[in-house]
Amino acid sequence: MEPAEPPNELVSAEGRNRKAVLCQRCGSRVLQPGTALFSRRQLFLPSMRKKPALADGSNPEGDLLQEHWLVDDMFIFENVGFTKDVGNIKFLVCADCEIGPIGWHCLDDKNSFYVALERVSHE
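The present account deals with the structure reproduced in this document. This one's a predicted model, so the numbers in the text were calculated from it and none came from an experiment.

General note: in soluble globular proteins, nonpolar side chains tend to be found buried as a group. In this structure, Val 21, Leu 31, Trp 69, Phe 77, Leu 92 and Val 115 are the most contacted members of the largest nonpolar core, which totals 17 residues. If you list the elements that add at least two residues to this core, you get β2 (29-31), β5 (62-71) and β10 (113-116). Ignoring anything within four residues of it in the chain, the contact list for Phe 77 reads Val 30, Leu 31, Val 71, Leu 92, Phe 113 and Val 115.

Before going further, it helps to spend a moment on the sheet that holds strand β11 (residues 120-122). A sheet is described by the order of its strands in space; here 3 strands give the open sequence β2-β1-β11, paired in antiparallel fashion. Only two strands of the sheet have a single neighbouring strand rather than two, namely β2 and β11. Within this sheet the neighbouring strands show an average axis-to-axis angle of 45 degrees, counted without direction. In the sheet, strand β1 (residues 21-23) pairs with β2 via 2 bridges, with the strands oriented antiparallel. Paired with Val 21 across the two strands is Leu 31, which belongs to β2.

What follows concerns the environment of Ser 28. Assignment of secondary structure puts Ser 28 in the loop between β1 and β2. Sequence separation of Ser 28 and Val 80 is 52 residues, and the distance between their C-alpha atoms is 9.4 Å. Not counting residues within four places of it along the chain, the set of residues in contact with Ser 28 comprises Val 21, Leu 22, Cys 23, Asn 79, Cys 94 and Asp 96.

A word on the pattern of salt bridges. Counting across every chain of the model gives 4 salt bridges. Residues Arg 119 and Asp 63 are paired through a salt bridge, measuring 2.9 Å at the closest nitrogen-oxygen approach. With a gap of 56 residues between them, Arg 119 in the loop between β10 and β11 and Asp 63 in strand β5 connect regions that are remote in the sequence. Among the residues examined, Arg 119 registers a relative accessible area of 5% and is labelled buried. Judged by relative accessible area, which is 35%, Asp 63 ranks as partly exposed.

Reading the values: rules and limits
Per chain, the residues get numbers from 1 upward, laid out in the order the sequence is written. Restriction of local features to residues with pLDDT of at least 70 applies here, the model being predicted, together with a cutoff of 80 or more for giving and counting side-chain atom pairs; totals for whole chains, interfaces and linings are based on all residues. Computation of side-chain values covers all heavy atoms of the structure but excludes hydrogens and water. In this text, buried Ala, Val, Leu, Ile, Met, Phe, Trp, Tyr and Cys residues form a nonpolar core when linked through side-chain atoms within 4.5 Å. Burial here depends on accessible area, computed with a 1.4 Å probe over protein chains only, as a share of the maximum for the residue type. Under 20% is buried, over 50% is exposed, and the range in between is partly exposed. Helix and strand definitions follow DSSP, with helices as H or I runs of at least four residues and strands as E runs of at least two, each counted in order from the N terminus. By definition in these notes, contact holds between two residues if any of their heavy atoms fall within 4.5 Å. Any two strands between which DSSP finds at least two bridges are classified as paired. Between N-to-C directions, angles span 0 to 180 degrees; the directions come from axes that are lines fitted to C-alpha atoms, helices contributing only their stretch in contact. Salt bridge, as used here: a side-chain nitrogen of Lys or Arg that lies within 4 Å of a carboxyl oxygen of Asp or Glu.

Structure, rendered in structure tokens:
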């Protein structure tokens with residue numbers, strides 16, 4: 001059953017991230033607290049792996065994820081990398097260890113960068 005409310009321990013009353021967003025693998029900081037909005041949108045992300053394996057254009061296995069942090073400017077990120085274009089999509093990866101995808105960006109919408117809550121940790 002999907003939760004009707006965003007997770008209170010992570011989302012402030014204003015709908016922003018209460019805690020810093022970190023890479024699950026290496027702990028590198030992806031976003032500072034208060035810099036992203038909670039968003040519920042169904043997006044497909046391939047299974048987690050190193051960056052070169054994401055950009056080969058194959059049809060990878062993955063997950064349909066619903067809960068994301070929405071960032072409207074790529075310069076808000078503390079630490080994020082992007083894959084090569086996969087169609088009109090770029091996947092977001094950790095810039096330090098290159099694990100991902102942790103998020104999704106459509107090239108048609110220059111101001112929407114999604115980071116999946118399930119693919120990151122919070123501190």
